[in-house]
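Residue-level structure breakdown
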Amino acid sequence: MSTTCILAFAAMLPTLTRAADDTVLATTPPMGWNSWNCFEKEIDEKKIQAIADVMVSSGMRDAGYVYLVLDDAWMAKDRDENGRLQADPEKFPDGMKAIGDYIHGKGLKYGIYQDRGKWTCQQLPGSFGHEQIDMQTFAEWGVDYIKLDSCFAESNGRMSSEDYAIYRKHITATGRPIVLSISDFGNAAWAWGGKESAQLWRTSGDIYPWMDSVYACADTSAGDRGIHPAFNGLWQFAGPGHWNDPDMLQVGNLKDLKGDRRNIGDRAHFSLWCILAAPLMAGNDLRAMNDDVRKVLTAPELVAVNQDPRGVQGYKVFNEDGIEVYNKPLADGTTAVLLLNKRGEKADVTVRWDQIGLSGNQPVRDLWARKDLGTLNNSFTARNLGQHEHRMIKVGRPGTPLPMPSPMPLEKYTVTRRGETYLSDLYHIWKARNGPVYDAAFNGAPIAIGGRTFKKGFGCRGKSAFMFKVNGRADRFRAVVAMDKSSKENVEGRFRVYNEDFFANKVLWDSGKMTKDTPAKEIDIELKDVQCLMLVFEGDNALGNWADARVINESEGD
Ligand code: GAL
């Protein structure tokens, strides 16, 4: 990733977003525990009560882990005679209000899982068609946090932005301040404006208890996956009241590391979530937690970095072949720095003060060891780090908060002017599978269709999906599409234009199946109130081109 875009420093303080009831929720990343990563469907009253007890006795609650969230499979197979959700009678014989009372009695907050489809991922009753009564029921049970999943939501016919706004409206109407956590498998909630409805949104698919998965999830928020590399992370979409969520913690669950190595992996995982200002939802069986794991989850100076009131998400200042350096400027004028070696062999990792907005002699503190390391001139080097080893340090003196990098200017990723904007002049905000090649065919050759060469457009290899944030400022979309002439005979491809993500299946244009013998097709469609425009090219290994892909803004001035 280029580090040039972080060189232009500019002071920028995040703005607070308020829920419609005027309560600022989740001013720092939510912290708690969630049942899924260790118990999956096997939850019941006794287990959850025991977890609540341990959250207090282990010091987790006092370290900040206040939300106890019951994930999928707490509910009965059927709604009651009034259409209300009810507890699985065997797992929670006293009902869901009683378990909430128990959780509250321990000085904790009560979180619950539900799904916006007809069914949850475990095929239990979902909230589609019952949005109001379910939010009302949750409020009556004393729920403080809702994780709202997206299984089976494809058949709702609603875009994610519409769907989550409906839930927020019904939550607000209950009068209870409830944190809403978007679980949409990382489908671009930051792009369509998730912060209008929710306090956190998944940036990734599900996390699994091995390091590759931990790193892959971290990289979604850090920006190495799923967005245009120039963004240097999703950091500019996070801040007090709205957080990028690379999924729940697997600290204490890692299966691919043994002995001391497990602790090394746990710490790398935790440091990444802390520097990324990610929600800290522990996912281990707290009843069986050993002291090493407890010390990781409750490490005070690490948690303080995560919970820093300035709410800046750390971003990469160096990233080369598994050597990574992150920077997170803090409210007190110092900055937290993570130096990580993901490589298979040992390495020295250095941060220079000019990479983090500092110079000269600076005090350095080791946040895991909770020890001052003295004053260092110009840089710090973590020597001889093995795989997954890292140092997490704090640099600088208290004072005026350090500047952050400038956020990506709007004109780089959205429509800001009248007339035509070529989409290849914008950075995409989300992608899945194969990303597009800008202004060339997939093999790098000029885009050529029917004897004509196009300077602008995208080359794609199926399957490819990518999204632009057009912010309701594009009135038309125009392009010429054709299979690339280098595509194999008889290979079929298909171009589709979508409004937002796949959930609503809102297809604005569909080429039907094409081969390299199919003549080019022209697209000229109206876009109405489209916030995010997604271009999809299907067909495994098919090569296709979106030539002259552009949007036209007829109404707005410069
Ligand atoms: C998945 C979700 C997981 C867990 C699971 C429950 O969709 O990403 O975190 O909630 O469903 O069935």
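Summary of the structure given here. The structure presented is a predicted model; accordingly, all values stated were derived computationally and were not measured.

What counts and what doesn't
Residues numbered from 1 in each chain as written. Predicted model: local features only at pLDDT ≥ 70, side-chain atom pairs only at ≥ 80, totals over all residues. Heavy atoms only, no water. Axes fitted to C-alpha atoms, helices over the stretch in contact; angles between N-to-C directions. Helix = DSSP H or I, 4+ residues; strand = E, 2+ residues; numbered from the N terminus. Parallel < 35°, antiparallel > 145°, perpendicular 65-115°, else oblique. Left-handed = near helix turned anticlockwise from the far one by under 90°. Contact = heavy atoms within 4.5 Å. Nonpolar A, V, L, I, M, F, W, Y, C, P; charged D, E, K, R; others polar. 1 Å grid on protein atoms, 1.4 Å probe; cavity = no way out; pocket = protein on both sides within 12 Å on 5 of 7 lines; lining within 4 Å. Points joined across faces, edges and corners; volume = space filled by probe spheres on them. Pairing = 2+ DSSP bridges. Disulfide = S-S within 2.5 Å. Buried < 20%, exposed > 50% of the residue type's maximum accessible area, 1.4 Å probe, protein only. Core = buried A, V, L, I, M, F, W, Y, C linked by side-chain atoms within 4.5 Å. Phe/Tyr/Trp six-rings, centres within 6.5 Å; stacked < 30°, edge-to-face > 60°. Lys NZ or Arg CZ within 6 Å of the ring centre and 35° of its normal.

Time to look at the packing of helix α2 (residues 45–57) against helix α4 (residues 95–105). Put simply, α2 and α4 touch, their axes get as near as 10 Å, and they point 15° apart. Considering their axes alone, α2 and α4 lie roughly parallel with respect to each other. Crossing geometry of α2 relative to α4 is assigned as right-handed. On the side of α2, the interface is formed by Glu-45, Ile-48, Gln-49, Ala-52 and Asp-53, while α4 contributes Gly-95, Ile-99, Tyr-102 and Ile-103. Of the residues belonging to the contact of α2 with α4, the class tally is five nonpolar, two polar and two charged.

Once that is clear, we can look at empty space enclosed by the protein. Unoccupied space between atoms shows up once a probe the size of one water molecule is rolled over them. As enumerated under the stated definition, the model contains two cavities of 30 Å³ or more in all. Looking at the largest cavity, its volume works out to about 80 Å³. Lining the largest cavity are 13 residues, with Tyr-145, Lys-147, Ser-181, Asp-245 and Met-248 positioned closest to its centre. Here the lining of the largest cavity is composed, by residue class, of six nonpolar, three polar and four charged.

This part covers the sheet that holds strand β12 (residues 335–341). One open sheet holds the six strands; their spatial order is β10-β11-β12-β17-β14-β15, and the pairing between them is antiparallel. Unpaired on one side and paired on the other, β10 (315–320) and β15 (371–377) mark the two borders of the sheet. Between one strand axis and the next, the sheet turns by 25° as a mean value, whatever way the strands run. Where strand β11 (residues 323–329) lies against β12, seven bridges are found, and the strand directions are antiparallel. Across the sheet, Glu-324 pairs through a bridge with Leu-340, a residue of β12. Strands β10, β11 and β12 of the sheet are contacted by helix α8 (residues 211–222), whose axis makes an angle of about 50° with β11. Strands in contact with helix α9 (residues 260–275) are β11, β12 and β17 (390–395); relative to β12, the strand with the most contacts, it is inclined by about 145°.

The next thing to look at is the state of the cysteines. Counted according to the given criterion, the structure contains one disulfide. The partner cysteine of Cys-121 in its disulfide is Cys-151, sulfur to sulfur 2.0 Å. On the S-S bond that ties Cys-121 to Cys-151, the torsion sits near 90°, and the link is right-handed. Of this pair, Cys-121 sits in the loop between β4 (109–115) and α5 (131–141) while Cys-151 sits in the loop between β5 (145–149) and α6 (160–174), placing them 30 residues apart in sequence. Under the relative-accessibility criterion, Cys-121 is labelled partly exposed at 26%. Its relative accessible area of 17% is what places Cys-151 among the buried residues. Free of any disulfide, Cys-460 has its nearest neighbouring cysteine sulfur in Cys-532, separated by 18 Å. The exposure class assigned to Cys-532 is buried, which follows from its relative accessible area of 0%.

Restricting attention to buried positions, one finds in α5 the residues Glu-131, Asp-134, Met-135, Thr-137, Phe-138, Ala-139 and Trp-141. Among the residues trailing α5, Gly-142 stands out with phi positive, at a value near 85°.

We now examine the nonpolar core. Core analysis: the largest hydrophobic core is formed by 98 residues, its most contacted members being Leu-70, Trp-74 and Phe-270. Not counting residues within four places of it along the chain, the set of residues in contact with Leu-70 comprises Ser-35, Ile-43, Ile-48, Phe-92, Met-96, Ile-99, Ile-103, Tyr-110, Gly-111, Ile-112 and Tyr-113. Within the second largest apolar cluster, 28 residues are counted, among which are Phe-466, Ile-523, Ala-542 and Ala-549.

With that settled, consider the pairing of β15. Direction of pairing for strand β14 (residues 361–366) relative to β15: antiparallel, over a ladder of six bridges. Paired with Arg-365 across the strands is Asp-372, a residue of β15. Hairpin connection from β14 to β15: four residues lie between these consecutive antiparallel strands, with Arg-370 at a positive phi of about 55°.

Turning our eyes to something else, we now look at unusual backbone geometry. A cis geometry characterises the amide bond from Gly-462 onward to Lys-463, with omega recorded as -5°. As for its position among the elements, Lys-463 is in the loop between β24 (457–461) and β25 (464–469). Although it is not a glycine, Ala-277 sits at a positive phi angle of roughly 50°. The exposure class of Ala-277 is buried, given its relative accessible area of 1%. Phi is positive for Asn-378, close to 70°, though the residue is something other than glycine. According to the relative accessible area criterion, Asn-378 is partly exposed, its value standing at 42%.

In this section: the packing of aromatic side chains. Overall, the coordinates contain 23 aromatic pairs when judged by the stated rule. Ring geometry for Tyr-498 against Phe-502: centres 5.2 Å apart, planes inclined by 75°, an arrangement best described as edge-to-face. A residue is classified by how much of its surface remains accessible, and Tyr-498, at 4% relative accessible area, is buried. Take Phe-502: its relative accessible area is 27%, and that puts it in the partly exposed class. Taken together, the ring pairs in this structure connect Phe-231, Phe-237, Tyr-413 and Tyr-427 into an aromatic cluster. The positively charged end of Lys-47 is found above the aromatic ring belonging to Phe-39, 4.4 Å away from the centroid. Taking NZ or CZ as reference, Arg-116 lies 4.4 Å from the ring centre of Phe-503, over its face.

Limitation: the analysis is restricted to geometry and does not speak to function.
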